[in-house]
Amino acid sequence: MAIANILLVDDDDTLRGVVRATLEMEDYEIVEAPSCRTALAMLGKQSFDLVLLDIHLPDGSGLRVLEAVSERRPSTIVMMMTGAVGLDNALKSIKLGASDYITKPFSSNYLLKAIEHALLTKDTKEGLRHS
Amino acid sequence: MLSLQRIQKKVYGILDRYGIVIAGVFIFSYYLWTALDMFATSHPRKSFQGYFFQFDSLILLWLLLVAGLKLHEYRKKQNNENERHRMIALEYERQKMQLNLLDDVTTLLTDAVNNPLAVISLSAGSIRERFRTDDEVLSFLDHIDGALKRMREVLADFHNYETKKIINSVATRPSPRPGNQQSYPFTQPSPVD
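These lines cover the structure that appears in this document, whether it is placed above or below. Residue positions are given per chain, counted from 1 along the sequence in the order it is written. Chain letters and ligand numbers both follow the written order, the letters beginning at A and the numbers at 1. Reporting of local features is limited, given that this is a predicted model, to residues whose pLDDT is at least 70; pairs of side-chain atoms are given and counted only at 80 or more, and all residues count toward the totals for whole chains, interfaces and linings.

1. With respect to the overall build of chain B
Thinking step 1. In terms of helices and strands, chain B carries 3 helices and 0 strands.
Thinking step 2. Start at the N end of chain B and walk to the C end: the helices and strands fall as α-α-α.
Thinking step 3. We call a residue exposed when 12 or fewer other C-beta atoms sit within 10 Å of its C-beta, buried when the count reaches 20 or more, and partly exposed for counts in between; the C-beta positions come from the backbone. Across the 193 residues that make up chain B, the buried fraction comes to 7%. Only DSSP runs of H or I reaching four residues or more are called helices, and only runs of E reaching two or more are called strands; each is numbered from the N terminus.

This is how it looks when you write it as structure tokens:
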């Protein structure tokens, strides 16, 4: 059984393939989306534990998807990832409710630890809410 | 209204070019007129006091003309200063626009380069995981990691350089004179991990 299901949103096919391979080796279940539109459609169909979201997408900014997730599925964790350097988008993402902001290129270890940490925080928060 | 302004502009232009000549002609005309007037009077003998009072306003006239010329000079200087400020503001805006464009290009470039770098980095990580005991493969992977680190540093340097230029352009207004533009060396690489 998968540890968690993750929606991976990035327009780079190769990167999606490599991230998928890296995460599937650790028993994560991955669903891919190459654009904002597809991501929003996927989010409408099913719930995810975590969304790995690129900021620069062909049909708009990933921040739009982040806003939608924060509104529709507040329990879903969103981790932003971007290749661009700069604080503007990082600050906007955190304000809109992203749990983390990672910059490309990242190593597989770094990505796995960041996801693990985010899921652990989510579990802790949910545990506290139920107790 | 418009023609009045045009006339005023023309008068100022003539004053600018021939101010001293006009002042000289004015004073010497007055002097001539006063002298003629003096000799035309019916009293042929005049005391020193008489001569002095005949030309007393000449000194005042000189002083007035000097004051007028100084005032005109001051106004001209102020106009030049205003024009210089306007040029500085224009140049500042132009440089700001150029730097913003450069920043956009840098952002797009780093984004485009960092995606394939992430693919290389993640793939290297997966290979390392699979060949944990093979020293030869691990040594090659170390080379890849080293190259990746260097590329990250170059990109970070490039971005820092652009950011520094933008911050500096906002903090200090550049002079419009050529040769007053500063260049900034690349910063020392910062650890990115």
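2. Some thoughts on the packing of helix H3 (residues 62-72) of chain A against helix H4 (residues 88-96) of chain A
All names here are of chain A.
Thinking step 1. Only the stretch in contact is used when a helix axis is fitted, and all axes are lines through C-alpha atoms; the angle between N-to-C directions ranges over 0 to 180 degrees. At a minimum axis distance of 10 Å, the contact between H3 and H4 shows a crossing angle of 15 degrees. Of the possible angle classes, the one that applies to H3 and H4 is roughly parallel. Of the two possible hands of crossing, H3 and H4 adopt the one that is right-handed. From H3, Leu63, Leu66, Glu67 and Ser70 reach across to H4, where they touch Lys92, Ser93 and Leu96. Relative orientations are named as follows: roughly parallel for angles under 35 degrees, roughly antiparallel for angles over 145 degrees, roughly perpendicular for angles from 65 to 115 degrees, and oblique for any other angle. For any pair of crossing helices, the crossing counts as left-handed if the nearer helix is rotated counterclockwise from the farther one by less than a right angle, and right-handed if it is rotated clockwise. By the convention adopted here, residues make contact when the C-beta atoms placed from their backbones lie within 7 Å.

3. Structural notes on the nonpolar core
Thinking step 1. For this analysis, nonpolar core means a set of buried Ala, Val, Leu, Ile, Met, Phe, Trp, Tyr and Cys residues linked through C-beta atoms within 7 Å. With 36 residues, the main nonpolar core has Leu53(A) and Met79(A) as its most contacted residues.
Thinking step 2. Those elements giving two or more residues to this core turn out to be strand E1 (5-9), helix H1 (13-25), helix H2 (36-45), strand E3 (50-54), H3, strand E6 (77-82) and helix H5 (108-130) of chain A together with helix H2 (48-130) of chain B.
Thinking step 3. Residue contributions to this core peak at 5 residues, all from E6(A).
Thinking step 4. When neighbours within four sequence positions are excluded, Leu53(A) is seen to be in contact with Val9(A), Gly62(A), Val65(A), Leu66(A), Val78(A), Met79(A), Met80(A) and Met81(A).

4. Digging into the interface of chain B and chain A
Thinking step 1. Counting residues at the interface gives 17 residues for chain B, matched by 19 residues for chain A.
Thinking step 2. Mapped by element, the contributors of at least two residues to the side of chain B that touches chain A are H2 and helix H3 (135-171) of chain B.
Thinking step 3. Here the element with the most residues in the side of chain B that touches chain A is H2(B); it accounts for 13 residues.
Thinking step 4. Considering only residue class, the side of chain B that touches chain A consists of 6 nonpolar, 9 polar and 2 charged. Throughout, the ten residues Ala, Val, Leu, Ile, Met, Phe, Trp, Tyr, Cys and Pro are labelled nonpolar, Asp, Glu, Lys and Arg are labelled charged, and all others, Gly among them, are labelled polar.

5. Let's talk about the environment of Ala68(A)
Residues and elements named next belong to chain A.
Thinking step 1. The topology assignment puts Ala68 in helix H3.
Thinking step 2. Placed 28 residues apart in sequence, Ala68 and Leu40 show a C-alpha to C-alpha distance of 7.7 Å.
Thinking step 3. Not counting residues up to four positions away in its chain, the partners in contact with Ala68 are Leu40 and Leu43.

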